[in-house]
Amino acid sequence: MNDTVRVRFAPSPTGYLHVGNLRTALYDYLLARRLGGTWVLRIEDTDRNRHLEGAEKALMAVLRWCGLEWDEGPDKGGPYGPYRQSERLPLYRAAADTLLAQGNAYHCFCTSERLDAMRKAAQAEGRDEKYDRTCMHLASGDVQARLAAGVPHTVRLKVPAGETLILDDLVRGRVEFQSDLADDQVLLKSDGFPTYHLAVVVDDHQMRITHVLRGEEWLSSAPKHLLLHRFLGYPLPHFAHLPLILNPDRSKLSKRQGNVAVEDYRDHGYFPEALVNFIAFLGWNPGHERELLTVEELTQEFSLQRVGKSGAVFNQEKLHWFNEQYLKAMPGERLLATLRPLLAARGWGDHDDIFLACVIDLMRERVAFVHEIPEKAGWFFEDPTSYEEATVRKRWKPDSAGWLRDFVAVLESLPAFDHATLEPAARAYAEGRGGKLGDLVHPLRLATTGVGGGPGLFELMEVLGREACLRRIQRALEMLV
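Description of the structure in this document. (Residues numbered from 1 in each chain as written. Predicted model: local features only at pLDDT ≥ 70, side-chain atom pairs only at ≥ 80, totals over all residues. Heavy atoms only, no water.)

A few points about the overall build of the protein chain
Tallying secondary structure elements over the protein chain gives 20 helices and 11 strands in all. Over its C-alpha atoms the protein chain spans a radius of gyration of 32 Å, topping by over 25% the 23 Å that the globule rule assigns to 481 residues. Judged by the C-alpha coordinates and their principal axes, the protein chain covers about 110 × 50 × 35 Å. Every one of the 481 residues in the protein chain was classed for burial, and the buried ones make up 48%. Considering only residue pairs separated by 6 or more positions, the protein chain has 74% of its internal contacts joining residues 24 or more positions apart. Carbon and sulfur atoms make up 50% of the accessible area of the protein chain, which amounts to about 22,400 Å² in all. In the protein chain, the 59 positive side-chain charges and the 67 negative ones have mean positions that sit 4 Å from each other. (Helix = DSSP H or I, 4+ residues; strand = E, 2+ residues; numbered from the N terminus. Rg over C-alpha atoms; globule rule 2.2 N^0.38 Å. Buried < 20%, exposed > 50% of the residue type's maximum accessible area, 1.4 Å probe, protein only. Contact = heavy atoms within 4.5 Å. Areas by Shrake-Rupley, 256 points an atom, 1.4 Å probe, with all protein chains shown as cover. Lys, Arg positive; Asp, Glu negative; His and termini not counted. Charge placed at Lys NZ, Arg CZ, Asp CG, Glu CD.)

Quick word on the nonpolar core
In this structure, Phe314, Phe380 and Met461 are the most contacted members of the largest nonpolar core, which totals 109 residues. Top contributing element to this core by residue count: helix H1 (residues 19-34), with nine residues. Sequence-distant contacts of methionine 461, that is, excluding residues within four places in its chain, are made with Leu411, Phe417, Leu422, Leu444 and Cys469. Ranked by size, the runner-up nonpolar core spans 35 residues in total, among them Tyr83, Leu198, Phe231 and Tyr234. (Core = buried A, V, L, I, M, F, W, Y, C linked by side-chain atoms within 4.5 Å.)

With respect to the side chain of threonine 299
Summarising the element assignment, threonine 299 is placed in helix H10 (residues 295-301). A relative accessible area of 10% means that threonine 299 is categorised as buried. At 2.8 Å, the side chain of threonine 299 forms a polar contact with the backbone oxygen of valine 295. Not counting residues within four places of it along the chain, the set of residues in contact with threonine 299 comprises Tyr29, Leu30, Arg33 and Arg34. (Polar contact = N/O pair within 3.5 Å; in protein donor to acceptor, adjacent residues only side chain to side chain.)

Considering the pattern of salt bridges
Under the definition given, this model contains 33 salt bridges. Glutamate 44 is paired through a salt bridge with arginine 42; the nearest N and O atoms lie 3.2 Å apart. For arginine 42, a relative accessible area of 0% translates into the label buried. Of the charged contacts in the structure, one is a salt bridge between aspartate 204 and arginine 42, with a shortest N-O distance of 3.0 Å. Here the residue aspartate 204 occupies a position in helix H6 (residues 196-206), and arginine 42 occupies one in the loop between strand E2 (38-41) and helix H2 (55-65), the gap between them amounting to 162 residues. Note on aspartate 204: relative accessible area 4%, which makes it buried. What you see here is one network of salt bridges that share partners, running through Arg8, Arg42, Glu44, Arg88, Asp203 and Asp204. (Salt bridge = Lys/Arg side-chain N within 4 Å of Asp/Glu carboxyl O.)

Observations concerning the layout of surface pockets
Where empty space is left in the structure can be found by rolling a water-sized probe over the atoms. Space inside the largest pocket adds up to approximately 1,000 Å³. Considering the residues around the largest pocket, the lining is formed by 35 residues, among which Pro11, Ser12, Asn21, Glu217 and Trp218 are closest to the centre. Of all elements in the fold, only strand E1 (6-9), H1 and strand E8 (211-215) reach the threshold of two or more residues within the lining of the largest pocket. For the lining of the largest pocket, the element with the highest residue contribution is H1, accounting for five residues. Here the residues of the lining of the largest pocket are counted per class, giving 14 nonpolar, 11 polar and 10 charged. (1 Å grid on protein atoms, 1.4 Å probe; cavity = no way out; pocket = protein on both sides within 12 Å on 5 of 7 lines; lining within 4 Å. Points joined across faces, edges and corners; volume = space filled by probe spheres on them. Nonpolar A, V, L, I, M, F, W, Y, C, P; charged D, E, K, R; others polar.)

Things to note about the packing of aromatic side chains
The final tally for this structure, using the stated rule, is 18 aromatic pairs. Look at tyrosine 27 and phenylalanine 302: their rings are 5.0 Å apart centre to centre, the planes differ by 45 degrees, and that puts the pair in the tilted class. Of this pair, tyrosine 27 sits in helix H1 while phenylalanine 302 sits in the loop between H10 and strand E11 (312-313), placing them 275 residues apart in sequence. Each member of the pair, tyrosine 27 as well as phenylalanine 302, carries the same accessibility label: buried. For the pair tryptophan 321 and phenylalanine 322, a centre-to-centre distance of 5.2 Å together with 75 degrees between the ring planes defines the contact as edge-to-face. An aromatic cluster of at least three residues, connected via ring pairs, comprises Tyr27, Tyr265, Tyr270, Phe278, Phe281, Trp284, Phe302, Phe314, Trp321, Phe322 and Phe369. (Phe/Tyr/Trp six-rings, centres within 6.5 Å; stacked < 30°, edge-to-face > 60°.)

Looking at the pairing of strand E3 (residues 105-108)
Here E3 shows a buried face lined by Ala105 and His107 and a second buried face lined by Tyr106 and Cys108. Relative to strand E4 (residues 154-157), E3 runs antiparallel, the two being bridged by four bridges. Pairing of histidine 107 across the sheet is with valine 155, part of E4. (Pairing = 2+ DSSP bridges.)

Structural notes on the environment of aspartate 45
Mapping aspartate 45 onto the fold places it in the loop between E2 and H2. Accessibility expressed as a relative area gives 5% for aspartate 45, which makes it buried. Here the alpha-carbon distance between aspartate 45 and arginine 84, two residues 39 residues apart in the chain, equals 6.7 Å. If we ignore the near neighbours within four places in the chain, the residues touching aspartate 45 are Pro13, His51, Arg84, Gln85 and Ser86.

Overview of helix H13 (residues 353-363)
Listing the buried residues of H13 in full gives Phe355, Leu356, Val359, Ile360, Leu362 and Met363. Along the axis of H13, the buried positions cluster into a sector of 165 degrees, meaning they face one direction only. Residues of H13 that are exposed and angled more than 90 degrees away from the buried face: Ile354 and Asp361. If you follow the buried residues of H13, they end up packed against helix H12 (332-345), helix H14 (372-376) and helix H19 (457-464). Put simply, aspartate 352 is the residue that caps the front of H13, since its side-chain oxygen is 3.2 Å from the backbone nitrogen of isoleucine 354. (Arc of directions from axis to C-beta.)

Considerations on the sheet that holds strand E7 (residues 186-188)
Pairing in this open sheet of three strands is antiparallel, and the strands run E3-E4-E7 from one edge to the other. The strands lining the two open edges of the sheet, one partner per strand, are E3 and E7. If you compare each strand with its neighbour and ignore which way they point, the axes differ by 45 degrees on average. (Axes fitted to C-alpha atoms, helices over the stretch in contact; angles between N-to-C directions.)

Here we look at the environment of aspartate 439
Along the polypeptide, aspartate 439 turns up in helix H18 (residues 437-449). On the accessibility criterion, aspartate 439 (36% relative accessible area) is partly exposed. Along the chain, aspartate 439 and aspartate 399 lie 40 residues apart, while their C-alpha atoms are 9.0 Å from each other. Polar side-chain contacts of aspartate 439 include one of 2.9 Å to the backbone nitrogen of lysine 436.

Dropping the structure here:
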C-alpha cells in the first residue's frame, strides 16, 4: 500500500448518510484504491448539540453495505489515531494557543445575545453579517482579566485584510478569494470544542491527508482553511470541490423533494451495487458509453480529471433502471436470500428453494426490486381469492367456463406437467374446438392467477404444478360462472 496517498472521509454522526456524502465517500475510496493509497474514516463528532446516539454505528453499517471498507478508523485504529474528534481535543487547543501567540487569532467574549442583535441590525441595514471585531480591539490587560475571571469566551481567526488567496483546485482549477470577504471565524467554542474549520485543518495535517474531496458548498470555507494552513505552517493537501447534486428542477438536492438518505434506498430494496454505480456517475464519467460498472471497474477507471464542475441531476428513473439491470443479472442465490424474509413476513415462508428459484427465474425480467415479486405475483404463493374485474369483463366470455371445464380432463391426463407438454396440448385442444389458442389462454390465466398479465402462462403453470392448477380452475369455475 502506498502510504504517500492518504484520503479521508469525515462525516458527522448527526443522522442519516446523505447520498451526497455517499458520493464523496465513494470518490474518496476510488481515488485511494486507484492510487494504491490509504482511505481513512474519521468521525467529526465535536458538534455535541447535534450528536445522535447510534449514528456512528449506523453510518459504518451503511458504508459497509455499499461495499466501501476503510483502512483506518475508529473501529480499526491506525498510526494517526484516535479517529474521533472528541478524543483529540488537546490537539485543537494547542493549535488555538499557537494562533493566539502569533496574533493570528483572538479571544472573543461577546455573548450570543449580542451576536444575534448584531446580525439582526446588519440584516436590517443590508450590511454584511460578519462579526464586527469588537473583541479584537480589547487591550491585552482587559483580555487577561476576563480570562482570569472565567468569563465565557471563544477563539476567533484574525483574517488579514486586502489579500488575494489562491486555491489550485483539482476540479475547478485556479480559484481566487478576497480575504476582506471572509469572516473572523470562531475556531474554538466556549465549551472548549473546536468548530469544523479548526478541527478539519488540524486533523488533516496530523493524519497526513494528501487529498481532500468535498462538496462545492465547502468552497466558500476555503479562504479560512488556506489561512489556517499558512498560519500553522501546514503544507496544503490537494483539494477537489465536487459539483452539487441537484433535484430535477436543478435546485439543491433536499429531503423536501424526495429521499436523500442512503438508508431509505437500502430499505426500499435497492441493491448496493446499483446505488453505488448510479452515484458514481453523478458528476463523473468514464469517457465511454458503458454504464454498468462494478466497484472494481470503477476503481480502474476513476480519475478526478473526469469530474465535472456543473451540478449533476439526481434522476430517480435512472436509478430505478440501474437496479433493474442488476436484478436481471443477479445470481439466483442472492435473490433467493433476499426474497425469503419478504415471504416470511407475509406468511408465505413454507415454499422450498427449488420452487422459489423457478419463481425468480420467471419474474426477474418483469420487476426492478425483489419485493415486487410478492407484490405483483402473490398468486405464486397462495390461491387467488378474487379476480381482476377489468380482466373478467374483457377475457371471461360466455363459453369460457365450458372451455375450462373440458380442458380439465386434458390436464388430468397429461403424462407430464411442464410447459413443453402443456403448450402443444392446449393448442391441440383449441384447434379441436374450432377456436383460437387465446380462447383458452386468457380464461386459463385468469383462473390460475386471478390477473390478466404475468410471465408465460405454461411456464407459470409448470411451476405451480398440476394439483394447484386444477384446484384453482375448479374454484374459478365456481366463482365466475
